[in-house]
Amino acid sequence: MAVLLSLSTAKIQQMELFFQISLFNLLTITYCITFTKLMHPWRISKLTIWSKMMADQIPDLNATARSGTGKGAARKARRDGLVPGVVYGGGQDPQPINVKYNELFKMVKAGRFLSTLFNLKVPDQEDVRVICRNVQRHVVKDLPTHLDLMRLRRSSRVNLFIPVEFINEEECPGLKRGGVLTVVRTEVELKVTASDIPEKLIANLEGLDIGDGITISNIEMPAGARPMITDRDFVIANVSAPSALKSTDEDEEVSDAEDSAEDSEENSENTENSSEE
């Protein structure tokens, strides 16, 4: 009985501490997860749904407003460990900003930075969805020195270059025979919706033989996306013959041509001899 009483007392203390959280946190996923663990431990399976919701959230890009403009203010920001940038578009005036170098470097290094929709957070300003249009880098060190951000709505349409990934190379007969995969386009420009930007396009090499190719019509387009080139079925890649096989084919063609030339000469000589007789 004493054990049950002590457990219930601990539970009450835990609940009192829990409900002291501000009302603002009532709408957060973390609060809901904690509430489920505390009040309904038999419903922990619901955490998978909330984890998925958390993963689908738009990542934040923290920045501060930059008062000065020009090269002098940009140099000062870089000396302070910041990367200067500008936010434009959306029917508003351009806004100079600074982003912490360490945070920006990690995001750029993680990949897909230019095709990711961010939630820009600037103190004392409303959050706005942006996408990076350009990252300037140091000529020698190849480190970010400036970035351009464009304001977007979730329903906005934007042109982006999406990388192409090739799969099932082991299932490609042409490559097994020594063929070479010649990539014509490593990325394709698509018009996509800002809320549904694809990470990559998938090009399937399964069943391709030497001489076969992949065009844009062979690639499944993500929902709401379309290629910017619409007047032709452009090539993404093809499986070409190796140089050794090409030289062998050329030698065979040359020998066949020589044989045909010799045959024609013999036929002409036979014709002349028969006419003389």
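Refer to the structure printed above.
First things first, this report covers the structure right here in the doc. (Residues numbered from 1 in each chain as written. Predicted model: local features only at pLDDT ≥ 70, side-chain atom pairs only at ≥ 80, totals over all residues. Heavy atoms only, no water.)

Before going further, it helps to spend a moment on the sheet that holds strand S1 (residues 60-62). The seven strands are arranged S1-S5-S6-S7-S3-S4-S2 in an open sheet whose pairing can be described as mixed. At either end of the open sheet lies a strand with only one pairing partner, and these are S1 and strand S2 (64-65). Two strands pair when backbone bridges link them, and S1 and strand S5 (residues 117-121) are joined in this way by three bridges, in the parallel orientation. Residue pairing for S5: Leu61 is matched across the bridge by Leu120. The sheet contacts of helix H4 (residues 71-79) involve strand S3 (82-89), strand S4 (92-100) and strand S7 (144-152), and relative to S3 the element is tilted by about 130°. Docked against the sheet, helix H5 (residues 101-110) engages S1, S3, S4, S5, strand S6 (128-137) and S7, running at close to 95° with respect to S4. (Pairing = 2+ DSSP bridges. Helix = DSSP H or I, 4+ residues; strand = E, 2+ residues; numbered from the N terminus. Contact = heavy atoms within 4.5 Å. Axes fitted to C-alpha atoms, helices over the stretch in contact; angles between N-to-C directions.)

Right, let's get into the sheet that holds strand S8 (residues 157-167). The mixed open sheet is built from four strands, whose spatial order is S11-S8-S10-S13. The open sheet terminates on both sides in strands that have one partner only, identified here as strand S11 (201-204) and strand S13 (226-227).

Another aspect to go through is the nonpolar core. Of all hydrophobic cores here, the largest spans 27 residues; its most connected members are Val188 and Ile236. At the level of elements, S7, S8, strand S10 (187-193), S11 and strand S14 (235-240) are the ones that each hand at least two residues to this core. Sort the elements by how many residues they give to this core and S8 lands first, with five residues. Residues in contact with Ile236, not counting those within four places in the same chain, are Val164, Phe166, Val183, Val184, Arg185, Val188, Ile214, Thr215, Ile216 and Ile219. (Core = buried A, V, L, I, M, F, W, Y, C linked by side-chain atoms within 4.5 Å. Buried < 20%, exposed > 50% of the residue type's maximum accessible area, 1.4 Å probe, protein only.)

Here the focus is the pattern of salt bridges. Here the structure, examined in full by the defined rule, presents five salt bridges. For Glu165, the salt bridge identified is with Lys200, shortest N-O distance 2.6 Å. Linking Glu165 in strand S8 with Lys200 in the loop between S10 and S11, this pair joins segments that are 35 residues apart in sequence. Residue Glu165 is classed as partly exposed on the basis of its relative accessible area of 31%. The exposure class assigned to Lys200 is partly exposed, which follows from its relative accessible area of 37%. (Salt bridge = Lys/Arg side-chain N within 4 Å of Asp/Glu carboxyl O.)

Now for unusual backbone geometry. Despite not being glycine, Asp124 has its phi angle at roughly 65°, a positive value. Along the chain, Asp124 falls in the loop between S5 and S6. Given the relative accessible area of 85%, Asp124 is considered exposed. One non-glycine residue with positive phi stands out, namely Asn168, at about 60°. Note on placement: Asn168 falls in the loop between S8 and helix H6 (173-176).

With respect to the helices and strands, the residue Glu199 is situated in the loop between S10 and S11. Residues Glu199 and Gly111, 88 residues apart in the sequence, show an inter-C-alpha distance of 9.8 Å.

Nothing here speaks to function; it is all geometry.
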